[in-house]
Amino acid sequence: MSILASETATLDTELDRLRTELTQLQQEAARRGLIVTPPHLPPEFSWRPQPKQTRFLEACGMLPFFEGARPREPICRFIGFGGAAGSSKTHGALGLLLAACYAFPGCSVGYFRRKFPELEGADGAIEQTRQMLLGVPGAKYNSTHHRWLFDNGSALFFCHCQYDANKRDYQSQQFDIINFDEATHFTWSIIDYLLTRNRATVEGPWAFAAFESNPGNIGHSWFRQLFIDSGNATEVNLATTPSGAIEPTWFLPATVEDNPKQLERDPDYIRKLESRDPDTVRALRWGDWDIAAGLFFARSWRAVARGEAEPHVIPDFAVPAHWPLYGSVDYGHHPRTPDEKPFVYGLYAQSEFGRIYRIDEVAAAHWDALRQIAAIKELEARYPGVVRYRVGCPSMFVSQQAGGPTIAAIYGAPGNDLAVTAPHTDRIGGWERCRLWLADGPDGRPMFQSFARCKHFNRQVPAVPVDEHRRDDIDRDAEDHAVEEWSHLLLTRPPPARRLLDDRPKTEEELEDEEARKREREPGLDSHRGSPYY
C-alpha cells in the first residue's frame with residue numbers, strides 16, 4: 001500500500017470516529033435540553049410518494065423534507081392536482097399535510113371534504129391517515145374533535161362544510177395549509193370564505209391552499225377557471241377568480257397510470273372506468289375538463305367548435321333592426337352567497353328563420369325593483385328592434401307578505417311601464433325545451449346561440465349540475481337564475497323549426513361570393529330568389 005493510500009485510510013477512520021462522537025454529543029445535548037433536534041420525519045413514518053405525488057409535493061415545497069432537508073416555499077399560493085379518477089390525489093394530499101405537521105411544530109393544517117361521511121369509511125381520509133401513521137409514536141387521534149394531535153404541538157383537522165351557512169362555523173379558525181379534496185364538490189362561495197382562514201399561525205410555514213378534484217359537479221366552472229383555462233399545466237399562471245381577484249395558480253394533471261399501486265391492487269380498474277358512459281369515461285378516465293359527468297347540459301352545450309360544428313357561444317354581431325326582441329327576467333334581491341347574482345335579465349332576438357340568440361344581459365345582487373327596471377330599460381335602449389314581450393319568474397306574481405303589490409305589478413305600474421307576463425311553471429319541460437334549442441339545425445349550427453358578451457349566462461349554463469335525487473332536474477342549490485329565465489323564455493316560443501337556412505348577417509366578402517355563384521347559375525334556375533328558402 002502506498003504512503004498516500006495509507007494516510008487516506010487513516011483519515012477516513014478518524015472522520016468516522018469524529019462523526020460517531022459528534023452524534024453522541026448531539027444526542028446527549030438534546031437529552032439534557034441543551035439543543036433542539038431539527039424537525040424531521042420519524043423513522044417509523046414509512047409512507048413515501050409515488051412519482052406524480054413527488055411532483056405535487058415539490059410544487060408545495062415539501063419534497064426536500066422527505067429527503068432530510070428543510071421545506072422550501074411553495075411554487076405559488078393555489079396548487080391543483082388531479083383530473084382523472086384513481087390517480088392517488090387523496091394520498092398525496094394527506095402525505096403533504098402529515099409531513100407539514102412534522103416540519104412545522106405547532107402548525108395547524110385543515111383537510112376539507114364537502115360532507116362528513118366522505119371523511120369516514122374504509123377508504124375515507126381518516127382511515128387512510130390511521131394506516132399511514134400506524135406504529136408512529138407521538139401522534140394521537142382525537143375522535144371527538146376529528147383531528148390528529150402531535151407531540152410537537154401540530155394538529156391535522158378533518159373538516160367538512162356541506163352548506164353555505166356552515167362556512168361561518170370556521171370564522172375563528174385558521175390553517176397554515178388548507179386542502180380541499182374533491183374541490184369541485186364545493187361552491188365558490190364556500191371556498192372563497194374558507195380561504196380567508198388560510199394564514200400562517202407559527203413561524204416557518206408559507207400559507208397556501210391545495211385543491212384536488214375530478215371534472216364535474218357544482219364547482220366544475222370555478223375550478224376550471226382557476227386551473228385549466230388560466231394557462232398551461234405545470235406552469236404558474238395568473239388566474240382571475242370568480243370574485244375578481246388575480247391569483248397565481250399551478251396545476252398538475254394525473255391519471256390512474258400515475259398510481260401503479262392502485263393498478264397492482266386492482267388490475268381491472270381501468271376496464272371498470274372504461275365501461276361507463278362516454279361522458280363519464282372522458283371525465284374520470286382521462287380527466288377531460290371539456291366534458292363533465294354530472295353536469296346537466298354536458299351533452300348539449302358546446303363551449304368550443306368541434307370539427308365543423310359551431311359552438312353555442314359566438315362573437316357579437318349587429319342585430320338587424322327587423323328582428324323581434326324578447327326579454328326574460330329572474331327577479332331576486334338577496335343572494336344566498338357573496339358572488340351570487342339573483343337578479344338576471346336576458347335579452348333575446350329571433351331571426352326571420354327561427355334561430356334564437358341571447359344578445360345581452362344584466363345581472364346583479366341587492367337591487368330593488370326600481371333599480372332593476374331602470375337597468376332593463378337602459379339595456380333595451382341599445383337595440384333598434386321592438387321588444388314584443390317580457391317573461392317574468394313565478395316569484396314576481398306572488399303577493400308580498402305585507403300585502404303590497406306583486407313585483408310584476410310594480411314593474412308594470414304607470415311610469416315604470418315594463419309589463420311582464422307570467423311564465424309557464426313546467427320546470428322539467430323547460431329543461432327539455434332548452435335541450436331542443438341547443439340542438440343543431442340542418443345547417444349544422446345550433447338553433448340557439450349566445451353572444452360572447454353574455455358572460456354570466458355563458459359561465460352558468462355549462463356549469464349547472466344534475467340533481468342527485470332527480471336526474472331530470474338541475475340541482476336547486478346551484479346558481480341557476482340565468483338558466484331559469486332562459487327556460488322561461490324558450491317555453492313561450494314554439495319548438496325550433498329545422499330549416500336549412502343561414503340567417504346570420506353576411507360579411508361583404510360573403511355577399512360578393514354569393515352574387516358570383518348566382519351569376520354562374522343556369523338560366524331558369526334562379527326563379528326561387530324571392531323565396532325565404534332560397
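None of these values were measured; they are calculated from a predicted model.

Novice: Explain the overall build of the chain here, please?
Specialist: Across its full length, the chain holds 16 helices and 15 strands. A separation of at least 24 residues holds for 68% of the contacts in the chain among residues at least 6 apart in sequence. Taken as a whole, the chain presents about 26100 Å² of accessible surface, with 52% of it coming from carbon and sulfur.

Novice: How should I be thinking about the side chain of R224 in this particular structure?
Specialist: Structurally, R224 is set in helix α7 (residues 220-228). R224 sits in the buried class, given a relative accessible area of 18%. The contact partners of R224, leaving out residues within four places of it in the chain, are D229, W289 and D290.

Novice: Can you walk me through the packing of aromatic side chains in this structure?
Specialist: Pairs of aromatic rings are described using the distance from one ring centre to the other and the angle between the two planes. By the definition in use, this model includes 34 aromatic pairs. Here Y141 and W148 contribute two aromatic rings whose centre-to-centre distance is 5.4 Å and whose plane-to-plane angle is 55 degrees, an arrangement assigned as tilted. Summarising the aromatic geometry, the rings of F343 and W367 are spaced 5.9 Å apart at their centres and angled 35 degrees between planes, so their arrangement reads as tilted. A residue pair is termed long-range when its members are at least 10 positions apart, and F343 in strand β12 (residues 343-350) and W367 in the loop between β13 (356-364) and α11 (369-380) qualify at 24 residues. Here F343 and W367 have matching classes, each one buried. R285 extends its terminal NZ or CZ atom over the ring of W286, reaching a point 3.9 Å from the ring centre.

Novice: In this structure, what is going on with the sheet that holds strand β7 (residues 208-213)? I would like to understand it.
Specialist: As a general point, the strands of a sheet are linked pairwise by backbone hydrogen bonds and lie either parallel or antiparallel. Here nine strands make up an open sheet; going across it, the order is β3-β4-β5-β2-β6-β7-β1-β9-β8 and the pairing mixed. On the outer flanks of this sheet lie β3 (139-142) and β8 (237-240), each paired with one strand and no other. With strand direction ignored, the average angle separating the axes of adjacent strands in the sheet is 25 degrees. Summarising the sheet, strand β1 (residues 78-83) and β7 pair through five bridges and their orientation is parallel. Looking at β7, one finds that F78 is bridged to A209. On top of the sheet, helix α5 (residues 125-132) reaches β2 (108-113), β3, β4 (147-150) and β5 (155-160); it is set at about 160 degrees to β5, its chief contact.

Novice: Mind showing me how you'd approach helix α4 (residues 89-103) here?
Specialist: Structurally, the α-helix is built with 3.6 residues per turn, so residues lying three or four positions apart point the same way. When the terminal C-alpha atoms of α4 are compared, their 21 Å separation across 15 residues agrees well with the 21 Å that a helix rising 1.5 Å per residue should span. Of all 15 residues making up α4, 14 are buried, and the element is well covered by its neighbours.

Novice: Please clarify how the sheet that holds strand β11 (residues 325-330) should be interpreted in this entry.
Specialist: Spatial ordering of the open sheet is given by β10-β15-β13-β12-β11-β14, a layout of six strands whose pairing is mixed. Edge positions in the sheet fall to β10 (313-314) and β14 (387-391), since each of these pairs with one other strand and no more. Taken together, the three bridges between β13 and strand β15 (residues 448-451) define a ladder with parallel strand orientation. Each bridged residue has a counterpart across the sheet, and for R358 the counterpart in β15 is S450. The sheet strands contacting α11 are β12, β13 and β14, and the helix crosses β12 at an angle near 25 degrees.

Novice: Just to check I follow, could you spell out unusual backbone geometry for this structure?
Specialist: Both trends apply: most residues other than glycine have a negative phi, and most peptide bonds are in trans. At H146, a position not held by glycine, the phi torsion is positive, near 55 degrees. Secondary-structure assignment places H146 in the loop between β3 and β4. Here the phi dihedral of N217 falls at roughly 75 degrees; this positive angle occurs in a residue that is not glycine.

Novice: Hey, could you run me through the side chain of S487 in this one?
Specialist: By the secondary structure assignment, S487 is in helix α15 (residues 481-491). Each residue touching S487, except ones within four places of it in the same chain, is listed here: G430, W431 and C434.

Novice: How should I be thinking about the nonpolar core in this particular structure?
Specialist: Note on soluble globular proteins: their nonpolar side chains tend to be buried together. Residues F297, F343, I359, M396, Y411 and W486 are the most contacted members of the largest nonpolar core, which totals 56 residues. The greatest single-element share of this core, amounting to six residues, is contributed by β12. For F297, the contacting residues outside a window of four places in its chain are W431, C434, R435, L438, V461, V464, I474, V483 and W486. Counting residues in hydrophobic clusters, the runner-up holds 45 residues, among them F65, A99, C101 and W148.

Novice: Explain the pairing of β2 to me, please; I cannot follow it from the model alone.
Specialist: Across a regular strand the side chains alternate sides, sitting on one face of the sheet and then on the other. With six of its six residues buried, β2 lies for the most part within the structure. Because side chains alternate across β2, one face comprises the buried residues S108, G110 and F112, and the other comprises V109, Y111 and R113, equally buried. Pairing analysis gives six bridges linking β2 to β5, with the strands arranged parallel. Following the sheet pairing, V109 is matched in β5 by L156.

Novice: Would you mind showing me how to read the environment of P64 here?
Specialist: Among the secondary structure elements, P64 is positioned in helix α3 (residues 63-66). Here P64 is in contact with A69, R70 and R72, once residues within four sequence places are set aside.

Novice: Looking at this structure, I do not really get the environment of A408. What am I missing?
Specialist: With respect to the element layout, A408 can be found in helix α12 (residues 407-412). Given a relative accessible area of 11%, A408 falls into the buried group. Sequence separation between A408 and S395 is 13 residues, and the spatial gap between their C-alpha atoms is 8.8 Å.

Analysis parameters
- Residues numbered from 1 in each chain as written.
- Predicted model: local features only at pLDDT ≥ 70, side-chain atom pairs only at ≥ 80, totals over all residues.
- Heavy atoms only, no water.
- Helix = DSSP H or I, 4+ residues; strand = E, 2+ residues; numbered from the N terminus.
- Contact = heavy atoms within 4.5 Å.
- Areas by Shrake-Rupley, 256 points an atom, 1.4 Å probe, with all protein chains shown as cover.
- Buried < 20%, exposed > 50% of the residue type's maximum accessible area, 1.4 Å probe, protein only.
- Phe/Tyr/Trp six-rings, centres within 6.5 Å; stacked < 30°, edge-to-face > 60°.
- Lys NZ or Arg CZ within 6 Å of the ring centre and 35° of its normal.
- Pairing = 2+ DSSP bridges.
- Axes fitted to C-alpha atoms, helices over the stretch in contact; angles between N-to-C directions.
- Expected span 1.5 Å × (residues − 1).
- Core = buried A, V, L, I, M, F, W, Y, C linked by side-chain atoms within 4.5 Å.

Distances and angles like these do not, on their own, reveal function.
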